[in-house]
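Observations on the three-dimensional arrangement
If you want the building blocks of each chain, they are given just below.
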2 protein chains.
Amino acid sequence: MQAYGLTVDRFLDHAARWHGQVPVVTAGQGEDAVIGYAALKDRAERLSGAFLDMGLVPGDRLATLAWNTRHHVEVWYGAMGVGIVCHTLNPRLTVAHLTAMITEAEDRVLIVGQGLGDLGRELMAACPCIEKLILMDGDAAKMETGARPEIEIEALLAQSGRPATWGGFDENAPAGLCFTSGTTGAPKGVLYSHRANYLSTLRCLQADALALTGSDAVLVAVPMFHANAWGLPFAAAAVGATMVLPGRVTDGKSLARLINAHGVTVAMGVPTVWLGLIDYLDASGEETPTLERVVVGGSGIADALLKRIEDRLGATVQTSWGMTELSPMGTISPPARTPGAARASGRAPVGLDMQLFDANGVALPEQRNVVGHLKVRGHSVVERYYGHEETALDAGGWFDTGDLAEIDDAGNLTLSGRSKDLIKSGGEWINPAEMESIVGAMPSVGLVAVIGRFDARWGERPVMVIEPRQGHAVNDNEVLAALRGKVADWWLPDRIVSVETMPLAATGKINKTQLRATYGAA
Amino acid sequence: MQAYGLTVDRFLDHAARWHGQVPVVTAGQGEDAVIGYAALKDRAERLSGAFLDMGLVPGDRLATLAWNTRHHVEVWYGAMGVGIVCHTLNPRLTVAHLTAMITEAEDRVLIVGQGLGDLGRELMAACPCIEKLILMDGDAAKMETGARPEIEIEALLAQSGRPATWGGFDENAPAGLCFTSGTTGAPKGVLYSHRANYLSTLRCLQADALALTGSDAVLVAVPMFHANAWGLPFAAAAVGATMVLPGRVTDGKSLARLINAHGVTVAMGVPTVWLGLIDYLDASGEETPTLERVVVGGSGIADALLKRIEDRLGATVQTSWGMTELSPMGTISPPARTPGAARASGRAPVGLDMQLFDANGVALPEQRNVVGHLKVRGHSVVERYYGHEETALDAGGWFDTGDLAEIDDAGNLTLSGRSKDLIKSGGEWINPAEMESIVGAMPSVGLVAVIGRFDARWGERPVMVIEPRQGHAVNDNEVLAALRGKVADWWLPDRIVSVETMPLAATGKINKTQLRATYGAA
């Protein structure tokens, strides 16, 4: 059969050829910006030429620090199409974090989105590897010349945008770089290959998974700096779906306007975003009649919350689980819900093998309806972290997700905590997630986390940290009473700490590393 | 990212693990035979062991001459899972044809389905390369020993069925071998790689294409010896859909019973099969309420015929176009029909590039709404035929489909003849397909074909061969009158021949090679 490399430029090429007039929409302050896939590809190809003219060569890293806009999509394809690695950075990280990531990646160019020029300049000053700063989304450059110049993207295109030929390199060449959130350790880079992204896209497009079609309009409310925006800039182009990009603003009012202005049928993002949308709709009395499906990610979303989203939006919620290391989709529940069927985090479409292990790395004899350490294998799973010498896999070729999980008879995955969060007390395991779930449901509790504290006698003992809900106070005895009878008595925390503000990582997850530093010592 | 070979054994592995109890049904004379994917995989793994014990090694060819049954599916996976090439043969071919194919492929084992034991013995006598004959689907072996023994599949499993480990070989290793129908020349073998089949399966599973889900039950009415049964034994397993296999019998009554007994939602096969089903339903007054979609292949299906199928079956018809050389799907119309949208043969999902060329191999400047020679490129397209030294591609890497086609603004493909059928008269081209379409619509005409006859002055001149409909006669003047004004006068056939029986190839297509031999001389 033919040699035909699985490279992601083929997705935009396909969209440009067969869905050339289908719009890619970017939310604007006044009018929304609309461009067809054919015109977008033309611009992306000219950006490729400009990147090559700058002296970037295949394999070089180019960083983006930007929101979901069509310029950002153009930069992705412009870089990846000629084998340049697109390193997506989260604008909500600290300068120190960003500097560490840029330095480790040796990014040669930094491209920043709306309102991020000053942060870009600060990073350029801190990172000698950055040779050039490019501004986009309408922000103007401050200076046009200098040893390390900055330039605006339209000026760059006008100056040196010659169309470059895409593809033709090995499908195992790197396409993107994304650092994990690092809530339980130092951030680690995942270097996505073209092949892994291509296969991940096809895997997602199955009818029991994302099931996008050329008739869909997709609201990409998950950031492009977060695990490839769940692969949407690839998947939407691959089928010619309308892409609706919210830019910087994802409040309920803005999203409601976008959904109704562009007939959005499928929306993807974390539950918080949809709760904001519902609050706005409740207040304004508006509806979102075109919306058919909402795909949410992340673990531990209560069924009541899902039902609230479904009822208010008149849309089916599809739950999913993924990780940066999986490119990123692991499991997803199907678009058509069987009434009464377990939702959990859905099932794994073909291409990802899942297996449960015990704490010693031995595969559990029973793989169903028991909690185990979840390990995976697949065509889009990391083999080693960026710059690491050692493999991230065990001797059997499995990647340890760090999640504790259970799989039911129908293959639905339910996450039940992080294995790194487990507390070993007197040789036995305590699962913080179970206690967090019980206490988190108390009306007075906003956020709750359980961590292990060093203990000379038991090894570790649990400490519970609580951020009470606005206007509430938490009573320790009520907390202990809520737990008693539901967990073993020896699981009960030795100490309960009330804090005003829970430390959060940039992704919004509770930063347990910081909690351990503060409360984990003897 | 991880090295994870795209090998087809992963599909059945996935089905066995996550859809283990989902049935694979084979039509029986009394009761239908039902086996779950888990049990089927167990048997296929033990068949692998038996094949290896016979001395077959990866890369060896094993031939099947069989209907659509679960034994046939077991043999496919049993062979492919350990890298043995499964060569599918059409039982309706002549012994001479089959002997030529077996000899060219050097098949070491021949496995035959129900009622094909004697044909198998005849072929074994004619083909010294065949070392062993295996009977399945319930047929008993005649002798158990001898220089070239025959054995029944259950006896084989009992004797040497040890489970073998699947996969682990290169994804570019061959999985299957299928010869083209050879209506316009000698049959040529297409050697499918595991990678091509894997990618073709994922490509088909998109929501705008086959869109199979774990809730579907699929009637596989396209034979497994015909271009991988359009990939269904892979696609159904990949999503855990119920597979319903009709065995040898595909008359309307048998199919209606199967559809209703097993809640078939999607049915795939050529239009003739569905017309037979409709005739039966009309006669019996039965319905097929579970059927949602019918996928048909082949070119030139009249819209009226599609509408008749849709109306009577209460199902959406999806049209498609494919070739053995494309693994096999090229284009398909989506499951959800936009009213009024062109159906034609549908659009090409990502992974197949299409381009139209002129007769000299130059790409047409306008790719839309003009007829051209269709060439393709893709991850599941043939590079060279089996045993051929030379590539099947042009200098630009394109495979010439031999089809004349037009593509509309929305990307829908319409086939308009075979380029090899074109007749060159006085330096200009005549397209037989246009005249065949006009004359084929006449009430008195059953089958019609136009071929070129050598002509000293013009090079070639058209001859029309007609098989009148039962009880009708064809009047030459009426035929010419039907054509006049619709095609150029110089296209009109010089001669019209009425035949009692049109020569057909084994696939049911009109055998133009034979017509040319009979009527093509000066």
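So, a few notes on the structure that sits alongside this text. The structure displayed is predicted, hence computed values, not measured ones.

**Here's the deal with the overall build of chain A**
Helix and strand counts for chain A come out as 14 helices and 24 strands. Here the C-alpha radius of gyration of chain A, 23 Å, is about what a compact globule of 522 residues would show, namely 24 Å. Dimensions along the principal axes, computed over C-alpha positions, put chain A at roughly 70 × 55 × 50 Å. Considering chain A as a whole, with its 522 residues, one finds that 59% of them fall into the buried category. Contacts in chain A between residues far apart in sequence, at least 24 positions, make up 64% of those at least 6 positions apart. About 19,700 Å² of surface is accessible on chain A, with carbon and sulfur atoms providing 51% of the total. Measuring between centres, the 44 positive side-chain charges of chain A sit 1 Å from its 59 negative side-chain charges.

**What about the pairing of strand β10 (residues 217–220) of chain B?**
Within a regular beta strand, the side chains point alternately toward one face of the sheet and then the other, so they alternate between its two faces. Residue and element names in this part refer to chain B. Of the two faces of β10, both are covered, the one formed by Ala217 and Leu219 as well as the one formed by Val218 and Val220. Pairing geometry for β10 and strand β11 (residues 242–245), over 3 bridges, is parallel. Opposite valine 218, over in β11, you have methionine 243 as the bridge partner. Pairing between β10 and strand β12 (residues 266–268): 3 bridges, direction parallel.

**A few points about the side chain of threonine 7 of chain A**
All names here are of chain A. Checked against the element boundaries, threonine 7 lands in the segment before α1 (9–18). We classify threonine 7 as buried; its relative accessible area is 2%. Among the polar contacts listed, one links the side chain of threonine 7 to the side chain of aspartate 9, at a separation of 2.7 Å. Residues within four places of threonine 7 in sequence aside, it is in contact with Phe169, Glu171, His194 and Tyr198.

**Some details on the interface of chain A and chain B**
Taken together, the contact pairs 58 residues of chain A with 58 residues of chain B. Contact between chain A and chain B buries roughly 4,100 Å² in total, counting both sides, with carbon and sulfur atoms accounting for 54%. At the boundary of chain A and chain B, one finds 4 salt bridges. Note that aspartate 353 of chain A and arginine 10 of chain B form a salt bridge whose closest N and O atoms lie 3.9 Å from each other. If you look at where chain A meets chain B, you find 18 residue pairs in polar contact (both at pLDDT 80 or more). Elements with a minimum of two residues in the side of chain A that touches chain B: α1, β9 (189–193), α7 (194–204), α8 (232–239), β16 (352–357), β17 (372–378) and β18 (399–407) of chain A. When residues of the side of chain A that touches chain B are assigned to their parent elements, the largest contribution, 6 residues, is made by α7 of chain A.

**Focus: the relation of the copies chain A and chain B**
Here two copies of a chain appear, and what relates them is a rotation about an axis with a shift along it. Screw-axis analysis of chain A against chain B gives a translation of 0.0 Å along the axis, an RMSD of 0.1 Å, and a rotation angle of 180°. Accordingly, the operation relating the two chain copies is best matched by a two-fold axis. In this assembly the copies share their binding face: 100% of the residues contributing to the interface of chain A also contribute to that of chain B.

**Examining α7 of chain A**
Of all 11 residues in α7 of chain A, 11 are buried, a share of seventy percent or more. Where α7 of chain A is concerned, the buried positions are His194, Arg195, Ala196, Asn197, Tyr198, Leu199, Ser200, Thr201, Leu202, Arg203 and Cys204 of chain A.

**Topic: the sheet that holds strand β15 (residues 329–332) of chain B**
Residue and element names in this part refer to chain B. Reading across from one edge, β2-β1-β11-β10-β12-β13-β14-β15 is the order of the 8 strands in this open sheet, with mixed pairing throughout. Of all strands in the sheet, those bounded by a partner on one side alone are β2 (33–36) and β15. Neighbour to neighbour, the strand axes of the sheet diverge by 20° on average, direction disregarded. As defined by bridge partners, strand β1 (residues 23–26) adjoins β11 across 3 bridges and the pair is classed as parallel.

**Digging into the pattern of salt bridges**
Residues and elements named next belong to chain B. Across all of its chains, the model carries 60 salt bridges over all chains by this definition. Among the salt bridges present, the one from aspartate 13 reaches lysine 41, with a minimum N-O distance of 2.7 Å. Residue aspartate 13 is found in helix α1 (residues 9–18), and its partner lysine 41 is found in helix α2 (residues 37–53); the two are separated by 28 residues along the sequence. With a relative accessible area of 23%, aspartate 13 lands in the partly exposed category. The class of lysine 41 is buried, set by a relative accessible area of 14%.

**Focus on the packing of helix α9 (residues 252–261) of chain B against helix α10 (residues 271–284) of chain B**
If you want to describe how two helices pack, look at the angle between their axes and the distance between the axes. All names here are of chain B. Contact geometry for α9 and α10: axes closest at 8 Å, N-to-C directions at 85°. Viewed along their axes, α9 and α10 adopt a mutual orientation that is roughly perpendicular. Along its contact with α9, which presents Gly252, Lys253, Leu255, Ala256 and Ile259, the element α10 presents Val273, Trp274, Gly276, Leu277, Tyr280 and Leu281. Here the residues of the contact of α9 with α10 sort into 8 nonpolar, 2 polar and 1 charged.

**Observations concerning empty space enclosed by the protein**
All names here are of chain A. A full pass over the atoms with the stated rule returns 4 cavities of 30 Å³ or more. Taken as a whole, the largest cavity holds about 50 Å³ of empty space. In terms of lining, the largest cavity is formed by Ser200, Arg203, Leu326, Met329, Gly351, Leu352, Gly378, His379, Ser380 and Val381.

**Looking at the sheet that holds strand β4 (residues 85–89) of chain B**
Strand pairing within a sheet occurs via backbone hydrogen bonds; the two strands may be parallel or antiparallel. All names here are of chain B. Strands sit in the order β7-β6-β5-β3-β4-β8-β9 across an open sheet of 7 strands; the sheet is mixed. Looking at the sheet topology across the chains shown, the edges are occupied by β7 (150–152) and β9 (189–193). For this sheet, the mean inter-axis angle between neighbouring strands, taken without regard to orientation, is 20°. Here 2 bridges tie β4 to strand β8 (residues 174–179), and the two strands are oriented parallel to one another. Within β8, the residue paired with histidine 87 across the bridge is leucine 177. Contacts from helix α6 (residues 153–160) reach β6 (132–135) and β7, with the element oriented near 90° to β7.

**A closer look at the state of the cysteines**
Following the criterion strictly, the structure yields 0 disulfides over all chains and no others. Unpaired in terms of disulfides, cysteine 204 of chain A finds its nearest cysteine sulfur in cysteine 178 of chain A, a separation of 15 Å. Take cysteine 204 of chain A: its relative accessible area is 4%, and that puts it in the buried class. Cysteine 127 of chain B supplies the cysteine sulfur nearest to cysteine 129 of chain B, a cysteine that is in no disulfide, at a spacing of 5.3 Å. What makes cysteine 129 of chain B partly exposed here is its relative accessible area of 22%.

**A look at the packing of α1 of chain B against α2 of chain B**
Residue and element names in this part refer to chain B. Running from amino to carboxyl end, α1 crosses α2 at an angle of 135°, the nearest separation of the two axes being 7 Å. Classified by the angle their axes make, α1 and α2 are oblique. When the axes of α1 and α2 are compared, the crossing they make is left-handed. Where α1 abuts α2, its residues Leu12, Asp13, Ala15 and Ala16 lie against Tyr37, Ala38, Leu40, Lys41 and Ala44. A class-by-class count of the residues in the contact of α1 with α2 yields 7 nonpolar, no polar and 2 charged.

Definitions and cut-offs
- Residues numbered from 1 in each chain as written.
- Chains lettered and ligands numbered in written order.
- Predicted model: local features only at pLDDT ≥ 70, side-chain atom pairs only at ≥ 80, totals over all residues.
- Heavy atoms only, no water.
- Helix = DSSP H or I, 4+ residues; strand = E, 2+ residues; numbered from the N terminus.
- Rg over C-alpha atoms; globule rule 2.2 N^0.38 Å.
- Buried < 20%, exposed > 50% of the residue type's maximum accessible area, 1.4 Å probe, protein only.
- Contact = heavy atoms within 4.5 Å.
- Areas by Shrake-Rupley, 256 points an atom, 1.4 Å probe, with all protein chains shown as cover.
- Lys, Arg positive; Asp, Glu negative; His and termini not counted.
- Charge placed at Lys NZ, Arg CZ, Asp CG, Glu CD.
- Pairing = 2+ DSSP bridges.
- Polar contact = N/O pair within 3.5 Å; in protein donor to acceptor, adjacent residues only side chain to side chain.
- Buried area = accessible area lost by both parts, 1.4 Å probe.
- Salt bridge = Lys/Arg side-chain N within 4 Å of Asp/Glu carboxyl O.
- Least-squares fit on C-alpha atoms with pLDDT ≥ 70 in both.
- Axes fitted to C-alpha atoms, helices over the stretch in contact; angles between N-to-C directions.
- Parallel < 35°, antiparallel > 145°, perpendicular 65-115°, else oblique.
- Nonpolar A, V, L, I, M, F, W, Y, C, P; charged D, E, K, R; others polar.
- 1 Å grid on protein atoms, 1.4 Å probe; cavity = no way out; pocket = protein on both sides within 12 Å on 5 of 7 lines; lining within 4 Å.
- Points joined across faces, edges and corners; volume = space filled by probe spheres on them.
- Disulfide = S-S within 2.5 Å.
- Left-handed = near helix turned anticlockwise from the far one by under 90°.

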